[in-house]
Structures are given as C-alpha cells and as structure tokens.
Amino acid sequence: MLEARFCVAPMMDWTDRHCRVFHRLMTRRARLYTEMLTTGAILYGDRARLLGFDASEHPVALQLGGSEARDLAVAAKIGEDFGYDEINLNVGCPSDRVRDGRFGACLMAEPALVAEGVAAMKRAVSIPVTVKCRIGIDDQDPETALDELARGVVAAGADALIVHARKAWLNGLSPKENRDIPPLDYDRVYRLKAAMPDVPVIINGGIAGLAEARAHLEHVDGVMLGRAAYQEPWRLLSADPELFGEAAPHAAMKDVLAAMIPYIERELAGGTRLHSIARHFVGAYHGVPGARAFRRHLAENGVKPGAGINVLREAMALVEDRAAVPIAA
Ligand SMILES: Cc1cc2nc3c(=O)[nH]c(=O)nc-3n(C[C@H](O)[C@H](O)[C@H](O)COP(=O)(O)O)c2cc1C
C-alpha cells in the first residue's frame, strides 16, 4: 500500500522546489507534492526548469493537469525518468483556465475519460499513479459522483485517492472561494474508504493541525494538509513525532533555517534570487519574540537586488535564540 499517512498538498506558486526542500527539513515522513504542471508544459516546455528537484525532497510526487490519455502517459513517463516517486492527476482544480483546457475539477463529470488517462499512465510507468479529486461538482450528487470516479480510476489501476472533501462549484466562484465556500463533508470521504477498504484514501480540506489530522486517521489512511502546512510551517516540526512516533529532523525552526543555508548558497550561486526561497519562510515563526521583526527584515531586504545569505542570517538573529517550537494543536 502507498505510504501516504501524511502529505503536504500540491499548491500552485507555493509548493515549488525551494518550498519542498524547506518542508523536508521539518519532516522526513511527509509525502510532498509539486505544483500542478500541465501535460502541455511538460511535453513542450523547459523540462529541466519545470521538473528539476533536489534529491532531499523524496518522497515527492509530480502532479499533472491534463485529460488526453496519450499526453498524460508521456508526461508521466518523463516524470518517472526525472525520479519522481508518484504521479498524481489533478481532478480538483476549479479555475477557468484549467476548465477551458478540459482538466481539473470539471473532469469529475467525465469519469470514463479520467479512468482512460489513469490506465494510460499505469501502462507507461511503474511508480504509483494517484488521483486528487473533489467529492463532486456543481449539482452532482456526491454519493454517486465520487463513487463513479473512484471505481473507474481504481479499476484502471490508481494506487490511491486523495479527496478534497468539498464540492467545486464551477459557475461563479473563484478558485480561492472554491477552497472555502462549498461545505466540507468529511463523512463522505469516510464512507468512500469504508466502501473501498483496500484502496488507500487520503483526506484533504480544512485540516488545521495535527490533532485534527490524527482524528481523521481513525477513518482514512492518510491526511493531506495544504494551507495550514504552508502558512504555518512550524506545524510540520511536530508531524514526525505526533504521527509517526519519530524524532523531528530538527529541534527548532532556527536549526531548520540554518540547515537551509548550504542549499540557499548553492542556489544563489546558480542565479536564484534570495526572495524566491525566503518568501516561503514568512510563516516560519509563530508566537515567539522577534517573529514579526524576522518577517519584516526578510520582506524589506530579501527582495533587494543581489540580496545575499546575510539577509537571512540577520533576520534569524532577530528571533529569540533556540525558541522552543510550539506544539501544534
Ligand atoms: C495557493 C494554492 C494553490 C493550489 N494549487 C493547487 C494545485 O496546483 N493542485 C491541486 O490539486 N490543488 C491545489 N490547491 C488546493 C490544495 O491542494 C488543497 O486541496 C486545498 O487548499 C484544501 O486543503 P487545505 O484546506 O488543507 O488548504 C491549491 C491551494 C492553494 C491555497
């Protein structure tokens, strides 16, 4: 069975490779996901830039957006060859741009097409292929819509299902509203798991911290945190101890940031701007003296042309040394 007890969600513009390296320094056990990449970008774009990642990121999944079976198969194979540990298909993104391309959440209405895509990817790769979906869209009945999608993709060979436990409403809501307004229905995801006991089911949506995550794990195989993990990354330091009974990779956020420095120096030498990496540290500190000064120093100085590693060191010096990591609630 796919090991996915704890996952950090795919998030466009957020879970880029720098972010994932940062997250990995806080939890060895989380399964990490890339931002969604369209099959078109992978087939015709700058693959090294789009798909390159750091060896420390494993296990890391590549999320694809697309619906054409042949393209999905080729993109999945390229992902496997780059070293990704899993290919995940996006059947949950509600943006107009995505819908025009006939992929993302609108595919909830085309379960046969999704199953075809999964079957094609399974034939093309030997790593796990998973699907991330909603419980339904618009006026679909989640009881039938989710079952139909799930049964189709599992029959096609999907190795796990990740379910964002709310509908997407494709008419009238922005993507952001679609992450908050349609009501959460965790029970629907629990029922899916009960109906498919052999299929790993990972629940997502509105999970605020690790206590909640533990409660969900009574019903499903895995939890996926999105915004809570990104905006309050300090929570990730409690993931290995609380969910796996293992020590965290580092005792405190200062140690995590210190461990980022060699990576950042390598990246700066290769032409990456400090801000591209340090922007992911905005929520690093929470409720400790100096947290605001840390944020402000990075925001004001990290964006300056030629900003170097000293900006991060100065920001770190503003936070009380060895501040205890708050235990995630
Ligand atoms: C900024 C942002 C970008 C996102 N981009 C993606 C994406 O590329 N692919 C995807 O499947 N979901 C995407 N999502 C949705 C998340 O993966 C997740 O399903 C959603 O945020 C609900 O989980 P949460 O309440 O834990 O944040 C995005 C969410 C956010 C906040």
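Residues numbered from 1 in each chain as written. Predicted model: local features only at pLDDT ≥ 70, side-chain atom pairs only at ≥ 80, totals over all residues. Heavy atoms only, no water.

Student: Just to check I follow, could you spell out the overall build of the protein for this structure?
Tutor: Check the secondary structure of the protein and you find 15 helices and 8 strands. Against the globule reference of 20 Å for 329 residues, the protein gives a C-alpha radius of gyration of 20 Å, in line with a compact fold. Viewed in the frame of its principal axes, the protein has a C-alpha envelope of about 55 × 45 × 40 Å. Across the 329 residues that make up the protein, the buried fraction comes to 57%. Long-range pairs, those at least 24 residues apart, make up 72% of the contacts in the protein with a sequence separation of at least 6. Per element, the accessible surface of the protein, about 13,500 Å² overall, is 52% carbon and sulfur. The distance from the centre of the 39 positive side-chain charges to the centre of the 43 negative ones in the protein is 3 Å. (Helix = DSSP H or I, 4+ residues; strand = E, 2+ residues; numbered from the N terminus. Rg over C-alpha atoms; globule rule 2.2 N^0.38 Å. Buried < 20%, exposed > 50% of the residue type's maximum accessible area, 1.4 Å probe, protein only. Contact = heavy atoms within 4.5 Å. Areas by Shrake-Rupley, 256 points an atom, 1.4 Å probe, with all protein chains shown as cover. Lys, Arg positive; Asp, Glu negative; His and termini not counted. Charge placed at Lys NZ, Arg CZ, Asp CG, Glu CD.)

Student: Quick question: what am I supposed to make of the packing of helix 12 (residues 253-269) against helix 15 (residues 309-317) here?
Tutor: Two quantities define a packed helix pair, namely the angle between the axes and the distance from one axis to the other. Running from amino to carboxyl end, helix 12 crosses helix 15 at an angle of 170°, the nearest separation of the two axes being 10 Å. Comparing their axes, helix 15 and helix 12 come out roughly antiparallel. Where helix 12 abuts helix 15, its residues Lys-254, Leu-257, Ala-258, Ile-261, Ile-264, Glu-265 and Leu-268 lie against Ile-309, Leu-312, Arg-313, Met-316 and Ala-317. The residue inventory of the contact of helix 12 with helix 15, partitioned by class, reads 9 nonpolar, no polar and 3 charged. (Axes fitted to C-alpha atoms, helices over the stretch in contact; angles between N-to-C directions. Parallel < 35°, antiparallel > 145°, perpendicular 65-115°, else oblique. Nonpolar A, V, L, I, M, F, W, Y, C, P; charged D, E, K, R; others polar.)

Student: What should I look at first to understand the packing of aromatic side chains in this one?
Tutor: Here the structure, examined in full by the defined rule, presents 4 aromatic pairs. On the basis of an interplanar angle of 80° and a centroid distance of 4.9 Å, the ring pair of Tyr-285 and Phe-294 is categorised as edge-to-face. Take Phe-294: its relative accessible area is 0%, and that puts it in the buried class. (Phe/Tyr/Trp six-rings, centres within 6.5 Å; stacked < 30°, edge-to-face > 60°.)

Student: Where do I start with the sheet that holds strand 7 (residues 201-204) in this structure?
Tutor: Strand pairing in a sheet is mediated by backbone hydrogen bonds. Such pairs are either parallel or antiparallel. One closed barrel accounts for 8 strands, arranged 1-2-3-4-5-6-7-8; its pairing is parallel. Looking at each pair of strands side by side, their axes are set apart by 25° on average, direction ignored. On the sheet, helix 4 (residues 69-82) packs against strand 3 (60-65) and strand 4 (86-91) and is oriented at approximately 160° with respect to strand 3. Its contacts with the sheet put helix 6 (residues 111-124) on strand 3, strand 4 and strand 5 (129-134), and the angle it makes with strand 4 is roughly 170°. (Pairing = 2+ DSSP bridges.)

Student: Got a minute to help me understand the pattern of salt bridges in this structure?
Tutor: Opposite charge on two side chains lets them pair, provided their charged atoms get close. Inspection of the entire model under this criterion finds 22 salt bridges. A salt bridge links Glu-143 to Arg-188; the nearest nitrogen and oxygen atoms lie 3.5 Å apart. In this pair, Glu-143 sits in helix 7 (residues 142-155) while Arg-188 sits in helix 8 (residues 186-195), placing the two residues 45 residues apart along the sequence. Given the relative accessible area of 35%, Glu-143 is considered partly exposed. (Salt bridge = Lys/Arg side-chain N within 4 Å of Asp/Glu carboxyl O.)

Student: I would appreciate a short explanation of the site of the ligand in the present structure.
Tutor: In the region of the ligand, 17 residues are neighbours, and Gln-63, Asn-204, Gly-206, Gly-226 and Arg-227 sit closest. With respect to the ligand, the side chain of Arg-227 contributes an N or O atom lying 2.8 Å from an oxygen atom. Relative to its unbound accessible area of 610 Å², the ligand is 92% covered by the protein chains. Looking at side-chain class alone, the shell around the ligand contains 7 nonpolar, 7 polar and 3 charged residues. (Near = heavy atom within 4 Å. Polar contact = N/O pair within 3.5 Å; in protein donor to acceptor, adjacent residues only side chain to side chain.)

Student: When you look at helix 12 in this model, what are you seeing that I'm missing?
Tutor: Its 17 residues give helix 12 an end-to-end C-alpha distance of 24 Å, which sits within 8% of 24 Å, the value for a rise of 1.5 Å per residue. A maximum bend of about 35° is found in helix 12 at Ile-261, where proline Pro-262 lies one to four positions downstream. The set of residues buried in helix 12 consists of Met-253, Lys-254, Asp-255, Val-256, Leu-257, Met-260, Ile-261, Tyr-263, Ile-264 and Glu-267. Buried residues along helix 12 sit against helix 1 (17-24), helix 13 (274-278), helix 14 (291-301) and helix 15. Once helix 12 ends, the next one or two residues include Gly-271, with phi positive near 105°. (Expected span 1.5 Å × (residues − 1). Bend = angle between axes of the 7 residues up to and from the residue.)

Student: Is there a simple way to think about the packing of helix 4 against helix 6 in this case?
Tutor: In contact at an axis separation of 8 Å, helix 4 and helix 6 are set at 40° when each is read in the N-to-C sense. Seen from above, helix 4 lies across helix 6 with right-handed handedness. Between helix 4 and helix 6, the residues in contact are Ala-69, Leu-72, Ala-73, Ala-76, Lys-77 and Glu-80 and Glu-116, Gly-117, Ala-120, Met-121 and Ala-124, respectively. Its residues assigned to classes, the contact of helix 4 with helix 6 shows 7 nonpolar, 1 polar and 3 charged. (Left-handed = near helix turned anticlockwise from the far one by under 90°.)

Student: What is the right way to read helix 15 from this model?
Tutor: The periodicity of an α-helix, 3.6 residues per turn, causes residues three or four positions apart to be oriented the same way. Of the residues making up helix 15, those classed as buried are Ile-309, Val-311, Leu-312, Ala-315 and Met-316. Angular distribution of buried residues about the axis of helix 15 spans 155°; they occupy a single face of the element. Residues of helix 15 that are buried in the fold lie against helix 12, helix 13 and helix 14. (Arc of directions from axis to C-beta.)

Student: Help me understand the nonpolar core, please; the structure alone is not making it clear to me.
Tutor: One broad trend across soluble globular proteins is that nonpolar side chains are buried collectively. Residues Phe-6, Val-118, Met-253, Phe-281 and Phe-294 are the most contacted members of the largest nonpolar core, which totals 117 residues. Excluding its chain neighbours within four sequence positions, the residues that come into contact with Phe-281 are Phe-22, Leu-257, Met-260, Ile-264, Phe-294, Leu-298 and Leu-312. (Core = buried A, V, L, I, M, F, W, Y, C linked by side-chain atoms within 4.5 Å.)

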